[in-house]
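Secondary and tertiary structure notes
As a plain string of letters, each chain reads:
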Amino acid sequence: MDQSTIIEPLAPQTRIVAAKPAALQEPRFFRYVLTFIALAFLAFFIVLPLVSIFITAFQKGADVYFAAITHPDALAAIQLTLTVVAIAVPLNAIFGIMAAWALTKFNYKGKNLLLTVIDLPFAVSPVIAGLVFILLFGAQGLFGDWLFANDIKIVFALPGIVLATIFVTLPFVARELVPLMQAQGNAEEEASISLGANGFKTFWYVTLPNIKWGLIYGLILCNARAIGEFGAVSVVSGHIRGMTNTMPLHIEILYNEYQFSAAFAVASLMSVLAIITLVIKDIVAWKSKSI
Amino acid sequence: MTSLTFKKKPARVIPGFPLSLGYTMLYVSLLVLLPLAMIFIQTMSLSWAEFTAIVTDPRAIASYKLSFGTALAAGLVNVVFGTIIAWVLVRYHFPFKRIIDGLVDLPFALPTAVAGIALTSLYAPNGWIGQFFNFKIAFTPLGIIIALTFIGLPFVVRTVQPVLQNISVEVEEASASLGATRLQTVCKIIFPELAPAILTGFSLAFARALGEYGSVVFIAGNMPMKTEITPLIIMTKLEQYDYAGATSIAAVMLITSFVLLFTINLIQWLANRRFIH
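Residues numbered from 1 in each chain as written. Chains lettered and ligands numbered in written order. Predicted model: local features only at pLDDT ≥ 70, side-chain atom pairs only at ≥ 80, totals over all residues. Heavy atoms only, no water.

Another aspect to go through is the overall build of chain A. From N to C terminus, chain A includes 14 helices and zero strands. When its helices and strands are written in sequence order, chain A yields α-α-α-α-α-α-α-α-α-α-α-α-α-α. Here the C-alpha radius of gyration of chain A, 25 Å, is well above what a compact globule of 291 residues would show, namely 19 Å. Along the three orthogonal principal directions, the C-alpha set of chain A runs to about 85 × 60 × 45 Å. Of all 291 residues assigned to chain A, the portion counted as buried reaches 51%. Split by element, the accessible area of chain A, about 14800 Å² in all, is 67% carbon and sulfur. Each charge class in chain A can be summarised by its mean position, and for the 17 positive and 16 negative side chains these summaries are 8 Å apart. (Helix = DSSP H or I, 4+ residues; strand = E, 2+ residues; numbered from the N terminus. Rg over C-alpha atoms; globule rule 2.2 N^0.38 Å. Buried < 20%, exposed > 50% of the residue type's maximum accessible area, 1.4 Å probe, protein only. Areas by Shrake-Rupley, 256 points an atom, 1.4 Å probe, with all protein chains shown as cover. Lys, Arg positive; Asp, Glu negative; His and termini not counted. Charge placed at Lys NZ, Arg CZ, Asp CG, Glu CD.)

Residues and elements named next belong to chain A. Two elements in contact, helix H6 (residues 126-137) and helix H8 (residues 158-169), have axes whose closest approach is 9 Å; the angle formed by their N-to-C orientations is 135°. Classified by the angle their axes make, H6 and H8 are oblique. Where H6 crosses over H8, the two elements pack in a sense that is right-handed. Of the residues in H8, those in contact with Ala-129, Phe-133 and Phe-137 of H6 are Leu-163, Ala-164, Phe-167 and Val-168. Across the contact of H6 with H8, the residue classes break down as seven nonpolar, no polar and no charged. (Axes fitted to C-alpha atoms, helices over the stretch in contact; angles between N-to-C directions. Parallel < 35°, antiparallel > 145°, perpendicular 65-115°, else oblique. Left-handed = near helix turned anticlockwise from the far one by under 90°. Contact = heavy atoms within 4.5 Å. Nonpolar A, V, L, I, M, F, W, Y, C, P; charged D, E, K, R; others polar.)

Now for the confidence of the model for chain B. Residue and element names in this part refer to chain B. Scored by pLDDT, chain B has a mean of 89; 94% of the residues are at 70 or more. The weakest mean pLDDT in chain B belongs to helix H1 (residues 2-8) at 48; the strongest belongs to helix H4 (residues 58-91) at 96. Every residue in residues 1-7 scores below 50 in pLDDT, and together they form one contact with partners more than four places removed in sequence or on other chains. (pLDDT = per-residue confidence, 0-100.)

With that settled, the discussion passes to the UniProt feature "transmembrane region" (unreviewed entry) in chain A. Residues and elements named next belong to chain A. Per the UniProt entry, the sites bearing "transmembrane region" (unreviewed entry) are residues 29-55, 75-101, 113-142, 154-174, 215-240 and 260-280 in this numbering. Taken end to end, residues 113-142 has its terminal C-alpha atoms 27 Å apart, with 77% of it in helix and 0% in strand. Structurally, residues 154-174 comprises 76% helix and 0% strand, and the distance from its first C-alpha atom to its last is 26 Å. (UniProt positions renumbered as here; feature names shortened; annotations may be inferred.)

Okay, helix H13 (residues 247-256) of chain A next. Residue and element names in this part refer to chain A. Of all the ten residues making up H13, nine are buried; the element is thus mostly covered by neighbouring parts of the structure. Listed as buried for H13 are Met-247, Pro-248, Leu-249, His-250, Ile-251, Glu-252, Ile-253, Leu-254 and Tyr-255. Tyr-258 occupies a position one or two residues after H13 and carries a positive phi of about 60°.

Here we come to unusual backbone geometry. Look at A:Asp151: it is not a glycine, yet its phi comes out positive at around 55°. Secondary-structure assignment places A:Asp151 in the loop between helix H7 (144-149) and H8. The class for A:Asp151 is exposed, based on a relative accessible area of 68%. Its identity as a non-glycine residue notwithstanding, B:Asn222 has a phi of 55°, on the positive side. Along the polypeptide, B:Asn222 turns up in the loop between helix H11 (214-220) and helix H12 (230-239). Since its relative accessible area comes to 29%, B:Asn222 is described here as partly exposed.

Next up on the list: the domain arrangement of chain A. Residue and element names in this part refer to chain A. You can read the domains of chain A as domain 1 (25-57) and domain 2 (62-290). Placing a centre on the C-alpha atoms of domain 1 and another on those of domain 2 gives a separation of 31 Å. Taken residue by residue, the interface counts five residues in domain 1 and nine residues in domain 2. Both sides together, the interface formed by domain 1 and domain 2 hides about 610 Å², and carbon and sulfur atoms give 80% of it. Among the residues of domain 1 in contact with domain 2, Ile-53, Phe-54 and Ala-57 are the three that bury the most area, contributing 70% of the side total. (Domains from an automatic or database assignment. Buried area = accessible area lost by both parts, 1.4 Å probe.)

The sites that UniProt annotates as "domain: ABC transmembrane type-1" (unreviewed entry) are residues 78-281 of chain A. From the first C-alpha to the last, residues 78-281 of chain A spans 23 Å; its make-up is 79% helix and 0% strand.

Here you go:
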């Protein structure tokens, strides 16, 4: 066989779109109107707010923008947010994997109840999520006297912010993994165990590669919420500038002081993070579909 | 004899049951159950009369009405437009569809405070959109509805979309071949399939909207009796070190959202049962 025939590319595939019969599709005019309504709604509610953040951020010029995001308070806020995320997200990831393992690999009663409890933080207002930690660790709280006597600060300090963030982002990873591991079943793990691998090896070489994309997906959602959490953190932070202000709280303070350009400058940084999150999410969704 | 006991209680093949379940229970107990129990423990320290006086205060009642009404309105707006958006994204072709599809998730990714200040500056009386209206949008309940619509949109779109994708063409073809018009097919074949998903999306958006704080505080104006949502009342009471007051209102909110979610799950369970049989 001639080599050229082997590497000859296929004729470009032309997509054949057969005209759908009228009974299976809405009238053309109706389709256009519906598409227009959907796009107009998204333009007003999603695109315009996003665009306005960047335009307002640069309204007073690039100098004001860079001054705002390199201000010591802004840098402290960025550092605090990153610290909180670096503690809360891995803890919830380990929990998510453990919970998914416990909920999908074994049969026992009360599974649905446990799943409901894991979902609870989604049904609770962020303000209440903050309030509960004040009730536990605040000056008048359950452990307040003991903490004061031992000079441990939880509320209005880093531990409180981390706890509140863990609470609101707790279900994200578990929620992604449970349905995924349920669908994949136990056969591969059982095969691995019967061939002599121990539990950890089985998880590492069999389960983890299977749930990789679901895990990343959950991590991204968890991360986005952890970075942006406002209500819960606002309750427990105490708003000490340069000390316990996360990025969203810093934005609030700037905004309330009518430093709109500065507020939107920091907001634009967070919007860039949000857009990156969406892009990674899209890639991950596409990857997991193609496998 | 041994085989009999083996049959009765099959050995677990996969290891890690005590570790994974124990860790999970410990984690949720310490970080979810104990903290939430504090709301009820703290409320118990009040007498019934004190509790009712706090939670039926006119300012609190006004906030329940506002939170409930605006969450309901935003949920309904999202049901209509979210379903249209899901429909258009699944069924029609247009340029940049993939990017637009990705943008629907923006409210999940964008911090609520950022969304709050962006929407406020757009809908303020001198804002890009607000200036075209001769009535106020931001700093009124209308502004709250806009913020809650933004927050809730992806819930409806993302629950309806996969269901719509999975409706097989054969069902529609069968309907059409039996003489149904397109409108009949959509109303009597497709819509009943979508209804449970729409209800789920609505309930998720509604539950989220009831407790939403970050995006609303900026656009609401926060006037007592007029534009003060329930989470803000909790916040205000906390800032005044009125823990009993804050906790009582929080208990009302918690019970309300649990009852709501339970009811919606029940309706859904009943609806699913009817569809299967």
